[in-house]
Amino acid sequence: MKRLLPAIIGLCLTTISCNEVKREPAALEALDYLIISEDPANETSKKDFPMEITLDSLECVPLDFITTNREIDILYKNGYIIIKSLEKVSGEKLVSVVNAADNTLTAQLATVGTGPDEFTDIRLLPSYEEDALCYIISLSNYKLYRLTDSMTLDFVTTLPEPKNVKNFRPRLDKPEMIDSMTLIIGQSGKEGYGLCSYNLHDSTIKGLLAFDFTRDLDSWYLVYDGPLIYNQKQNKIAYAFSWYDRFLIYDLTNDSITSCQSGKIEPMNVKTRTEFFETGENNLYYNSGFSNDDYIFLIYLGDKVYAHDRNETRHHYLEQYTWDGEPVCRYRLPAGMVYQNGSAGANPDEIYIVNKSQDDFLYKIKLHDHTSTDSKPELI
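These numbers were taken from a predicted model, which means no experiment stands behind them. (Residues numbered from 1 in each chain as written. Predicted model: local features only at pLDDT ≥ 70, side-chain atom pairs only at ≥ 80, totals over all residues. Heavy atoms only, no water.)

Visitor: I'm lost on the sheet that holds strand S6 (residues 72-77) in this one. Help?
Guide: Sheet strands pair via backbone hydrogen bonds, and the direction of the pair is either parallel or antiparallel. Taken together, the four strands give an open sheet; going across it, the order is S6-S7-S8-S9, and neighbouring strands pair in antiparallel fashion. Only two strands of the sheet have a single partner each, and these edge strands are S6 and strand S9 (104-111). Here the average twist between neighbouring strands, direction ignored, is 20°. (Pairing = 2+ DSSP bridges. Helix = DSSP H or I, 4+ residues; strand = E, 2+ residues; numbered from the N terminus. Axes fitted to C-alpha atoms, helices over the stretch in contact; angles between N-to-C directions.)

Okay, structure coming up:
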């Protein structure tokens, strides 16, 4: 690690020189970030997938309760599916816990409201403790809770003000939990965006990666938005970019990075945040992602941001990679659905996926056995 005094070096991807020096984002200058100058960038193509499989239909998981909002997130742990639905009515519950064996509702928690221990919006974080299903962050007051396997929601702590960074407010859009006292979060400002580790024990922030490979838009958060995934078994982070056809894998143990870029960098068609939302003419690539111990799963669109709402014949894709960045399989998902996110299931060959366009929003996919000697399907 080094302090970046005059400049920040961008993540080294296919279309950027590994030695290209960038100006230092002022919003990040209080932290040390990893300088990556010689790590290889992998130029990839969708044709590199050994297999591409069309899924004509998905197995619907019937649930015995109804959600009124389609902003849904899910996690699987210890035989339970934890479902977050952004409800808006005071008194309703944001979290539903479903028994995966029979798909019955086990508990509902996190009451909507503005009172003590009530919530307006939350994020689910995976837990690696046997007696905890997940952690929950309240976005209104930065309180951290622990959802136990006895179906209680226990307060843990309020995210403390960092000792080493003044006026720091974390981006908690897509946090990840490394252990019970360490978060991976984003830090953004007018001049930059990076990933940090947030130590809740000693209230310190440590810079990990700084993104600086484009300056197309005046909102850094939008430029570098994307799913963040952590693998505890291998101690690696995966980060995919929603507005660029690229993802990276960062090995926290070895401070090494694998970057994968498919095709050329297509510049944004707009320059301001307002234009960005009004036009909807930018390509949306990686919508969300999740993982198990062995694989990364990324939901890929590769089309205009609103095209899937306008045309029911368009397909989303589920891309499967190893944690070394090698392509494994590409699944073409049924058309006419809007796939929001997913989670690994009980077995290595099954995953859950959310289709936010229908009342029956939860589906299950059985993955292809990649160890079989079956002939390679024809690419689509």
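Visitor: What is the right way to look at empty space enclosed by the protein in this model?
Guide: Here the idea is plain: a probe the size of a water molecule rolls over the atoms and shows the empty space left. Taken as a whole and judged by the stated rule, the model has two cavities of 30 Å³ or more. Space inside the largest cavity adds up to approximately 80 Å³. Surrounding the largest cavity, 14 residues form its lining, Asp-173, Lys-174, Gly-186, Tyr-193 and Tyr-239 being those nearest its centre. Among the secondary structure elements, those contributing two or more residues to the lining of the largest cavity are strand S14 (171-179), strand S15 (182-189) and strand S16 (192-199). Per-element accounting of the lining of the largest cavity gives the leading share, four residues, to S14. When grouped by side-chain class, the residues that make up the lining of the largest cavity number eight nonpolar, two polar and four charged. A volume near 50 Å³ is recorded for the second largest cavity. Lining the second largest cavity are Thr-44, Ser-45, Lys-46, Asp-48, Phe-49, Ser-262, Tyr-286, Tyr-321 and Pro-327. Here the residues of the lining of the second largest cavity sort into four nonpolar, three polar and two charged. (1 Å grid on protein atoms, 1.4 Å probe; cavity = no way out; pocket = protein on both sides within 12 Å on 5 of 7 lines; lining within 4 Å. Points joined across faces, edges and corners; volume = space filled by probe spheres on them. Nonpolar A, V, L, I, M, F, W, Y, C, P; charged D, E, K, R; others polar.)

Visitor: Quick question: what am I supposed to make of the pairing of strand S19 (residues 236-240) here?
Guide: It is a general feature of regular strands that their side chains alternate between the two faces of the sheet. Among the five residues in S19, five count as buried, and that is most of the element. Taking every second residue as pointing to the same face, both faces of S19 are buried, with Lys-236, Ala-238 and Ala-240 on one and Ile-237 and Tyr-239 on the other. Pairing of strand S18 (residues 228-231) with S19 involves four bridges; the strand directions are antiparallel. Across the sheet, Leu-228 pairs through a bridge with Tyr-239, a residue of S19. Once S18 ends, the chain turns through four residues before running back antiparallel as S19, passing Asn-235 with a positive phi of about 55°. Sheet analysis places S19 next to strand S20 (residues 246-251), joined by five bridges and oriented antiparallel. Looking across to S20, one finds that Ala-240 is bridged to Phe-247. (Buried < 20%, exposed > 50% of the residue type's maximum accessible area, 1.4 Å probe, protein only.)

Visitor: Even after reading the chapter, I still don't get the nonpolar core, so can you show me in this structure?
Guide: As a rule of thumb, soluble globular proteins bury nonpolar side chains together. Counting residues in each nonpolar core, the largest one holds 41 residues, and the members touching the most others are Phe-211, Leu-318 and Ile-365. Apart from residues no more than four positions distant in its own chain, Ile-365 is found in contact with Leu-55, Leu-58, Leu-318, Leu-333, Asp-349, Glu-350, Ile-351 and Ile-353. (Core = buried A, V, L, I, M, F, W, Y, C linked by side-chain atoms within 4.5 Å. Contact = heavy atoms within 4.5 Å.)

Visitor: Explanation requested: the sheet that holds strand S13 (residues 153-158) in the structure shown.
Guide: If you walk across this open sheet you meet the four strands as S10-S11-S12-S13, and the pairing is antiparallel. Sheet topology places strand S10 (122-126) and S13 at the edges, where each strand pairs with a single neighbour. Looking at each pair of strands side by side, their axes are set apart by 30° on average, direction ignored. Bridge count between strand S12 (residues 143-148) and S13: five bridges; the pairing is antiparallel. In the sheet register, Leu-147 faces S13, and the bridge partner there is Leu-153.

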